[in-house]
Amino acid sequence: MTRDKEEKRRSVLFINDHADILLEILKRLDGRSLCTAACVCRLWRALATADSVWEHLCLRRIVSPPPSSPGSSVRPVVSALGGYRRLYMLCVRHLLTRLDRDPGGRWRTSSAWDELQLSLSLFCVDYYERLGGRFGDTAATSSLMFLCKPVNV
Amino acid sequence: MKKRDHQESCSSSYGGGGGGGSSSNGKAAKTCWEDEQDPSGGMDELLAVLGYKVRSSDMADVALKLEQLEMVIGHEDGVSLSQLQNDTVHYNPSDLSAWVQTMLSEINTPLRDPVQSLNGGLDFSDLPDRVSSELTQTHLGFSDDSQYDLSAIPGMAAYPAPPTPPPPPQLQLAAAPNKRMKTSIGASDTNLNVTSSSSSSSSSSAVGGAPESTRPVVLVDSQEVGVRLVHTLLACAEAIQQENLKLAEVLVKHVGMLAMSQAGAMSKVATCFAEALARRIYKIYPQASLDTTSYNDILQMHFYESCPYLKFAHFTANQAILEAFTSASRVHVIDFSLKQGMQWPALMQALALRPGGPPTFRLTGIGPPQPDNTDALQQVGWKLAQLAETIGVKFEFRGYLASDLSDLEPSMLDLRPPEMEAVAVNSIFELHRLLARPGQIDKVLSSIKAMKPKIVTMVEQEANHNGPVFLDRFTEALHYYSSLFDSLEGSGPTVADHDLMMSEFYLGRQICNVVACEGPDRFERHENLAQWRSRMSSSGFAPVHLGSNAFKQASMLLALFAGGDGYRVEENNGCLMLGWHTRPLIATSAWQLAPAVVAAGAH
């Protein structure tokens, strides 16, 4: 009887024992699900908040990176600016939802790479805006000046 | 209720806010519709419904007094307003019987008809019987006494809330759009977004001591008011054009009042233009000083945040520069108006991801001197340098202080020969300022040629605000800024309120400059793309077509903005224009040295 129970226990798959499979599954999730997954337990959080998963999410729609810009050069830039997770949260997410809102729209001629480029530009502008606040301390006509707003995408 | 004509609807419409109530009533009736007053000597029917008993023949007197009142209230320096506040008698709305008693003791003209025949649903059943019987004996009519007490005007329409407040009378006036208009409106202004939703005005006749419990009584179709607003503005400008300043003065005050009764973009535009016209009439010109330039930078930042025009300008110009720099290993950009340097992070990022790696990026920023001598340019340069280091682009920065672009000498810029580095010149909304003084633009264009740039990008407003005739300029500006304000309004709830407000200030200052100033003080001399094209071509520049990448990027960018359906990107012979619905508002164009000039320069 106990041997049956042991066998049963061994055949049940406990996902947390197989982090590599878990990672593969997480890589295929969308942003919202990924965030939900990060709330499950510490292991899941560690895996789901790793930047590589988010990189996969951001670059997923790009079938093949254009030969002109190898993917390896993008990663250091994005990491320096705050990482893929932040890129997704601030820019890519909004781009995807707003462009999806307009299915047959004029922007469909753009490729996923163009969309990523735009996200990167806006991300860069956001980083710049967050650097050391606004300089305009001279004519302090309005205290609202010093609010550092992230890019309103 | 008998539907009257335009006059009645206007005379019963009340301005927004506490003070404007009855005053707009009378003023409107007097100034614009004197010749259309109903000849019947009987009681004015519409006002009777609201509780006023005014003979139509007495309207002129009433209107005159109200106009005096309105002038006092609307006086600019506000001294008279406080005086008014001290002299006004305020009644405690919760104590109806005491209020009625004081009214009774003050009013000394003979009793008119009793009040019972108030139709419109005023319900006295909840009032204590004692009070209601007193009321029926009260003279609640309109006294022509010149010392009339404003607080007596509210009559019964503004009674305080009884324990169970009855529903307010809702009178829908001016429902039919085909009212007889005094002035025939000519061509319809398709560019003006007149709000057609009826806006309910504030509480009826809430002047002075009106209790807060008054509720909206009158709904007015505001579309007519919007069209009338435009017409009055144009009439005022025409009066100024004909040097008829007295008439212009009257009209401009009227515009101010009409604008208060409107809501939305139209009201803001009208207020800005009315202020600008007033400045022109009274010759109160805004002082341009160093402070104003830095203040303008701050305002422009908010404008940057709230709407896509500046972002569009930056992104399309960057794309043109990027395409010109595809193979260069050292690049140098000269920015005619560095301000906060918001354009350059995106360019640097694109250069960082360029195939073959980033070039060395040199930026020369030109800006006006700051009032407190802080080196604003250096601070911006430092921030850009930080960013460049983060993303791995070699970066150099130089800042030049120049209050005027024509002070710039190419030799000061430390330019290297074109074989070594590729030069780009970038000007966003700067070149039109040079048209204020003769000869400046030519000097600057020849300086640009001396810099031997690979590409010159410029973004300008797509409007002709530089014509010789004031009225034409005014009309054009009215249409242009109406579209702009419309687009700001269309961005809706996603934009923070303070950004929106500051953007409106920013545009308001431009309007002031276009309308109120003349000569070298008027620096907002916008010209449209066709005019710039001819100027650049005759100065020795050849156009560069902005590619499809720029178009795609611009389209995507606009999709991100709420109200993105209203924005339109158009391509016009290689230049890109961003507009709101059918009206193009800004245009990006790119230029290079014409081959003849290059050949001549090589010798």
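What counts as what
Numbering of residues starts from 1 in every chain and runs along the sequence as written. Chain letters and ligand numbers both follow the written order, the letters beginning at A and the numbers at 1. In view of the model being predicted, local features appear only for residues whose pLDDT reaches at least 70, and side-chain atom pairs are presented and counted only at 80 or more, with totals across whole chains, interfaces and linings using the full set of residues. With hydrogens and water set aside, each side-chain value is computed from the structure's full complement of heavy atoms. The secondary structure listing takes helices from DSSP runs of H or I that are at least 4 residues long and strands from runs of E that are at least 2 residues long, numbered from the N terminus. Three exposure classes are used, based on accessible area relative to the maximum for each residue type with a 1.4 Å probe and protein chains only: buried under 20%, partly exposed in between, and exposed over 50%. By the convention used here, residues are in contact when the closest approach between their heavy atoms is within 4.5 Å. Computed with a 1.4 Å probe, the accessible areas rest on the Shrake-Rupley method; for each residue, only the protein chains presented here act as cover. The salt bridge criterion pairs a side-chain nitrogen of Lys or Arg with a carboxyl oxygen of Asp or Glu, the two atoms within 4 Å. pLDDT is defined as a per-residue confidence score from the predictor, taking values between 0 and 100. Interaxial angle, 0 to 180 degrees, is taken between N-to-C directions of lines fitted to C-alpha atoms, where a helix line uses only the stretch in contact. By definition, any crossing whose near helix is turned counterclockwise from its far helix by less than a right angle is left-handed, and any crossing with a clockwise turn is right-handed. Polar here means any residue outside two lists: the nonpolar Ala, Val, Leu, Ile, Met, Phe, Trp, Tyr, Cys and Pro, and the charged Asp, Glu, Lys and Arg; Gly therefore counts as polar.

1. Observations regarding the overall build of chain A
- The helix and strand inventory of chain A stands at 8 helices and 0 strands.
- Each helix and strand of chain A, ordered N terminal to C terminal, gives the series α-α-α-α-α-α-α-α.
- Taken across its 153 residues, chain A has 40% of its residues classed as buried.
- Contacts spanning at least 24 positions in sequence make up 61% of the contacts within chain A whose residues lie at least 6 apart.
- A total accessible area of about 8,800 Å² is found for chain A, and carbon and sulfur atoms account for 56% of it.

2. Structural notes on the overall build of chain B
- Counting its regular elements, chain B contains 20 helices and 12 strands.
- Here chain B holds 603 residues, and the buried ones make up 55% of them.
- Once local pairs closer than 6 in sequence are excluded, the contacts in chain B between residues at least 24 apart make up 78%.
- Summed over all atoms, the accessible surface of chain B reaches about 24,600 Å², with 54% contributed by carbon and sulfur.

3. What about the pattern of salt bridges?
Residue and element names in this part refer to chain B.
- Inspection of every chain in the model, using the stated rule, returns 24 salt bridges over all chains.
- Glu504 is the salt-bridge partner of Lys268, the closest N and O atoms lying 3.1 Å from each other. Pair noted here: Lys268 is in helix α10 (residues 265-282) and Glu504 is in helix α17 (residues 497-516), with a separation of 236 residues, a long-range link.
- For Lys268, a relative accessible area of 27% corresponds to the partly exposed category.
- Among the ionic pairs, Arg330 bridges to Glu396, the shortest N-O distance being 4.0 Å. Separated by 66 residues along the polypeptide, Arg330 in strand β4 (residues 330-335) and Glu396 in strand β6 (residues 395-401) bring together distant segments of the chain.
- We classify Arg330 as partly exposed; its relative accessible area is 25%.
- A relative accessible area of 31% means that Glu396 is categorised as partly exposed.
- Salt bridges linked by common partners bring Arg330, Arg362, Glu396, Arg398, Asp414, Arg416 and Glu421 together as one network.

4. Let's talk about the confidence of the model for chain B
Residues and elements named next belong to chain B.
- Residues of chain B with pLDDT of at least 70 account for 63%, and the chain-wide mean is 72.
- Low pLDDT (under 50) marks residues 1-40, which in the prediction has 101 contacts with non-local residues, meaning those over four places away or in another chain.
- pLDDT under 50 marks residues 108-219. Its contacts with residues more than four places away, or in other chains, come to 198 contacts.
- Quick note on the complex model: pTM equals 0.67, ipTM equals 0.77.

5. Quick word on the packing of helix α12 (residues 309-324) of chain B against helix α13 (residues 344-352) of chain B
All names here are of chain B.
- Here α12 crosses α13 at 35 degrees, and the two axes come no closer than 10 Å. Considering the relative orientation of α12 and α13, their crossing is right-handed. Within the contact between the two elements, α12 uses Asn318, Ile321 and Leu322 and α13 uses Trp344, Ala346, Leu347, Ala350 and Leu351.
- A class-by-class count of the residues in the contact of α12 with α13 yields 7 nonpolar, 1 polar and no charged.

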